[in-house]
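Take a look at the letters that make up each chain.
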Amino acid sequence: MSDHSTNEHRENEHIVANKELNLLEALIPVVLLMAMLAYNIFFADGEWFGEYSNQIILLVGGVFAAIVGFLNKTTFATMITEIYENLKSVFVPIMILFLVGALAGTWLVSGIIPAMVYYGLKVLSPSIFLPASIVIAAIISIATGSSWTTSATVGIALVGIGTALGIPTGMIAGAVISGAYFGDKMSPLSDTTNLAPAMAGTDLFTHIKYMFYTTGPTILITIIAFSIISLNIDTTGNADVTGLLDTIAQTFNITPYLFIVPVAVIALILLKTKPLIALGAGVALAAIFAIIFQPEILATISDSNVSAIINSILTDTAIVTDNEKLNELFSSGGMNGMLWTIYLICCAMVFGGIMDGIGALSRITQSLLSVAKSVFGLFSSTVLSCIGLNVIASDQYLALVIPGKMFKKAYQDRGLAPENLSRTLEDSGTVTSVLIPWNTCGAYQSGVLGVSVSEYFVFAIFNWLSPIMTLIFAGFNIKIRQLVKKES
C-alpha cells in the first residue's frame, strides 16, 4: 500500500518470542509511551520537548522497552538487529518522502500544482467536492495500487483546490485518504492486497472478491456521509473563485501542457516502474517545464534558473501573490520539509524494533489469541491485534504479518476459510495504519498532505469504519465462509 519494496522481506520475517517475558512486562513500554504521548498532546501543546517531542518520546519509550528486555535476558545484539531490520525496511519509503518533497517544490515552481488548482476550481464546486475527491482518489489508487502515490499526486492537488474553495483541510484529507485506501485495498497491484492473502493462505482474487462484502458497504456509507457534509458546510470559496482564478493566471503561465508531467508519472506507475524512478522522473520533468513555462517565477527565487530549481527541491519556496489564501497554498518545504516526518518514522522504527526484539509484540498477540473463545472473539482479537501493532510497532506490514502468522491456525481449527483472516487483516491492519501519527503511513500522509492526523482522523471515515464493519459482519455471521470438509 505504501510504496515499500519490503513485501517479501516482511512476509518471510521471523517473529521473536521470549519465554522470560510476561504480558504485564510486555505492556509496560506501551503504557508508558501512551501516557507520554497523551501528556504531550493534552498538556504540553505537542511541544513537551520542543519541535521534535514525538520523536524524543518514541526514543524514551524504546529505552524503557530495552530495560524490560535486559531484565528478561534479551541481548543488546538482538535488539540492535531488529532495529536495523526495521530501519532497513523503511529506507525506500524515506527516499520516497524526500522525492515527494522535491516533487512538491518543483511542481509548484513549474506551475503544475497551480494549474491543477486553476482547472480544478473551474470544474469542482463545494457541493460535490468531497464525494468527488473520494472517487478521484479511489480511481487513481486502484490504477496504481498505491495510496502513497495517490496522495503525492492528486491528493496534493485536491487539498489545494479544496482549500481555495474554503473547505477545511481535515475534511479534504479525510476524503482523499478514504478514497485512496479503498482503491489501494481493492487493487491487485497493491503490496498489502498481495501480502494479506499470502499470510492467511488464500489466493489474491478470492481475497479481493471476499473483501468487497465489507468494503463495499463501508465506502458507500463514506460517500453518503461526505455528500451530506458537503451540503451542510459553509464555504467562502464561491464568491472568491473568480478572483482566485485571475490571481493564479496573472502569477503563473497556466496551460494544459503542464498536465503532461503528472500524467507521465501516473503512466510510469501503471507500467510498474519503481516508485523512486517514477517520482524522480516527475521531479526532472517539472524542472524542465519550470524553465520553459515559468521563467518569471524562477527569476523571483534566484538569478539562476538552476539555482532556483535546486532551491525548490531542497528548501522552502514561497510564491507571493496578492491573495493571502494563495500565498499559504503556494509554498513548499522541499526535501527539508519532509525531515520532521522522516525523523518520526525512524524513531518509531527504533521503538518497534526493540519491542519486537524483546518479544513483546509476540507476547501481546499471543495473549489476544488466548482469549478468543468464540468466532466473534477470534475476529475481535484479530482486529485488536492489527490495530495494536499499528500503534506499537508503527509499521503496517508488521500489523499484517504477525497477526497473520499467529492467527492462521486458529481460523483453520474453527473451520473458517482463510479469506476470513485475510479480509480481517486488511479491514483492520491496512486501513488503520494511517490513523496513527507515528506509524509510517500516518506520518507519510500527514507530511505529504500537510494536514495533521488529529485534523483528518474523524473525517477518514472509511478507515475507522472498516474494522467496525468487519466486526458487525462477524457478530451477525454475515458472509463468514466455512472451510469445505473433505470427504473421507
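Analysis parameters
Residues numbered from 1 in each chain as written. Predicted model: local features only at pLDDT ≥ 70, side-chain atom pairs only at ≥ 80, totals over all residues. Heavy atoms only, no water. Helix = DSSP H or I, 4+ residues; strand = E, 2+ residues; numbered from the N terminus. Rg over C-alpha atoms; globule rule 2.2 N^0.38 Å. Contact = heavy atoms within 4.5 Å. Core = buried A, V, L, I, M, F, W, Y, C linked by side-chain atoms within 4.5 Å. Buried < 20%, exposed > 50% of the residue type's maximum accessible area, 1.4 Å probe, protein only. Axes fitted to C-alpha atoms, helices over the stretch in contact; angles between N-to-C directions. Parallel < 35°, antiparallel > 145°, perpendicular 65-115°, else oblique. Left-handed = near helix turned anticlockwise from the far one by under 90°. Nonpolar A, V, L, I, M, F, W, Y, C, P; charged D, E, K, R; others polar. Salt bridge = Lys/Arg side-chain N within 4 Å of Asp/Glu carboxyl O. Polar contact = N/O pair within 3.5 Å; in protein donor to acceptor, adjacent residues only side chain to side chain. Expected span 1.5 Å × (residues − 1). Bend = angle between axes of the 7 residues up to and from the residue. Patch = residues over 30% accessible without salt bridge, like charges linked within 9 Å, V, L, I, M, F, W, Y side chains within 5 Å. Areas by Shrake-Rupley, 256 points an atom, 1.4 Å probe, with all protein chains shown as cover. pLDDT = per-residue confidence, 0-100.

**Q** Sorry, what's going on with the overall build of the protein chain here?
**A** Across its full length, the protein chain carries 25 helices and two strands. At 23 Å, the protein chain has a C-alpha radius of gyration in line with the 23 Å of a compact globule built from 488 residues. Seen through its principal axes, the protein chain has C-alpha atoms that stretch 75 × 50 × 45 Å. Across the protein chain, every contact between residues at least 6 apart in sequence was considered, and the portion connecting residues at least 24 apart equals 80%.

**Q** Sorry, what's going on with the nonpolar core here?
**A** One recurring pattern in soluble globular proteins is that nonpolar side chains are buried together. One finds Trp107, Leu121, Phe129, Leu130, Tyr181, Ile248 and Met355 to be the most contacted residues of the largest nonpolar core, which totals 150 residues. No other element matches helix H5 (residues 91-109), which puts eleven residues into this core. For phenylalanine 129, the residues in contact, after removing those within four places along its chain, are Leu124, Leu158, Ile161, Gly162, Leu165, Ile167 and Ile172.

**Q** It is not clear to me how the packing of helix H9 (residues 169-186) against helix H11 (residues 204-232) should be interpreted in this structure. Could you clarify?
**A** When two helices pack together, you describe them by how their axes are tilted relative to each other and by the distance separating the axes. Put simply, H9 and H11 touch, their axes get as near as 10 Å, and they point 165° apart. When the axis of H9 is compared with that of H11, the two are roughly antiparallel. Of the two elements, H9 crosses H11, and the hand of that crossing is left-handed. Packed against H9, whose contacting residues are Met171, Gly174, Ala175, Ser178, Phe182, Lys185 and Met186, the element H11 presents Ile208, Met211, Phe212, Thr215, Ile219, Thr222, Phe226 and Ile229 at the interface. Of the residues assigned to the contact of H9 with H11, the class counts are ten nonpolar, four polar and one charged.

**Q** Would you mind showing me how to read unusual backbone geometry here?
**A** In terms of backbone geometry, most residues other than glycine have negative phi values and most peptide bonds are trans. Even without glycine at this site, lysine 73 takes up a positive phi of about 65°. Within the secondary structure, lysine 73 is located in the loop between helix H3 (53-71) and helix H4 (76-89). Since its relative accessible area comes to 65%, lysine 73 is described here as exposed. Backbone geometry at asparagine 477 places phi at a positive 55°, although glycine is not the residue there. Turning to its location among the elements, asparagine 477 is positioned in the segment after helix H25 (461-475). With a relative accessible area of 54%, asparagine 477 lands in the exposed category.

**Q** Could you clarify how one ought to interpret the pattern of salt bridges in this entry?
**A** Pairs can form between side chains of opposite charge whenever their charged atoms are close. Inspection of the entire model under this criterion finds five salt bridges. The residue lysine 185 makes a salt bridge to aspartate 427 at a minimum N-O spacing of 2.3 Å. With lysine 185 in helix H9 and aspartate 427 in helix H22 (residues 418-430), this pair connects stretches of sequence that are 242 residues apart. The partner of lysine 409 in a salt bridge is aspartate 413, and the shortest N-O contact between them spans 3.1 Å. You can see lysine 409 and its partner aspartate 413 sitting in helix H21 (residues 396-413), four residues apart, about one turn around the helix.

**Q** I would appreciate a short explanation of helix H23 (residues 440-449) in the present structure.
**A** Since the α-helix advances by 3.6 residues per turn, residues separated by three or four positions end up pointing in the same direction. Of all ten residues in H23, nine are buried, a share of seventy percent or more. Residues of H23 that are buried: Thr440, Cys441, Gly442, Ala443, Tyr444, Gln445, Ser446, Val448 and Leu449. Where H23 starts, the residue carrying a side-chain oxygen 3.0 Å from the main-chain nitrogen of cysteine 441 turns out to be asparagine 439. At the C-terminal side of H23, glycine 450 shows a positive phi close to 70°.

**Q** Please clarify how the side chain of aspartate 427 should be interpreted in this entry.
**A** Judged by relative accessible area, which is 1%, aspartate 427 ranks as buried. Engagement of the side chain of aspartate 427 in a polar contact is seen with the side chain of lysine 185, the distance being 2.3 Å. Among the polar contacts made by the side chain of aspartate 427, one reaches the side chain of threonine 214 at a distance of 2.9 Å. Apart from residues no more than four positions distant in its own chain, aspartate 427 is found in contact with Lys185, Thr214, Thr215, Ser466, Pro467 and Thr470.

**Q** Just to check I follow, could you spell out H21 for this structure?
**A** In a regular helix each residue adds 1.5 Å, so 18 residues correspond to 26 Å; H21 covers 26 Å between its end C-alpha atoms and thus fits that length. At phenylalanine 407, H21 is deflected by roughly 40°, the largest bend along its length. Within H21, 13 of the 18 residues are buried, which leaves it mostly tucked inside the rest of the structure. Measuring from the backbone nitrogen of tyrosine 397 back to the side-chain oxygen at the start of H21 gives 3.0 Å, which picks out aspartate 395 as the cap. Looking one or two residues past H21, glycine 415 carries a phi angle of roughly 75°, positive in sign.

**Q** Sorry if this is basic, but what is going on with the side chain of aspartate 395 here?
**A** Residue placement: aspartate 395 occurs in the loop between helix H20 (375-392) and H21. Polar contacts involving the side chain of aspartate 395 include one to the main-chain amide nitrogen of tyrosine 397, which spans 3.0 Å. Polar contacts involving the side chain of aspartate 395 include one to the main-chain amide nitrogen of leucine 398, which spans 3.0 Å.

**Q** For this particular structure, what's the right way to read a nonpolar patch on the surface?
**A** A cluster of nonpolar side chains, Tyr39, Ile41, Phe42, Phe43, Trp48, Phe49, Tyr52, Ile56 and Tyr343, forms an exposed patch at the surface whose accessible area comes to about 940 Å². The element best represented in the nonpolar patch is helix H2 (residues 23-42), accounting for three residues. Summarising the element assignment, phenylalanine 43 is placed in the loop between H2 and H3. The class for phenylalanine 43 is exposed, based on a relative accessible area of 64%.

**Q** It is not clear to me how the packing of H4 against helix H18 (residues 339-357) should be interpreted in this structure. Could you clarify?
**A** As a packed pair, H4 and H18 sit with axes 8 Å apart at the nearest point and diverge in direction by 135°. In terms of orientation, H4 and H18 fall into the oblique class. Two packed elements cross with a definite hand, and for H4 against H18 that hand is right-handed. Along its contact with H4, which presents Thr78, Met79, Glu82, Ile83, Asn86 and Leu87, the element H18 presents Cys346, Met349, Val350, Gly352, Gly353, Ile354, Asp356 and Gly357.

**Q** Can you walk me through the confidence of the model for the protein chain in this structure?
**A** Low-pLDDT stretches of the model should not have their predicted coordinates read in fine detail. Averaged over the protein chain, the pLDDT score is 89; the fraction of residues at 70 or greater is 95%. Looking over the protein chain, one finds the lowest element-wise mean pLDDT in helix H1 (residues 7-11), namely 54, and the highest in H25, namely 97.

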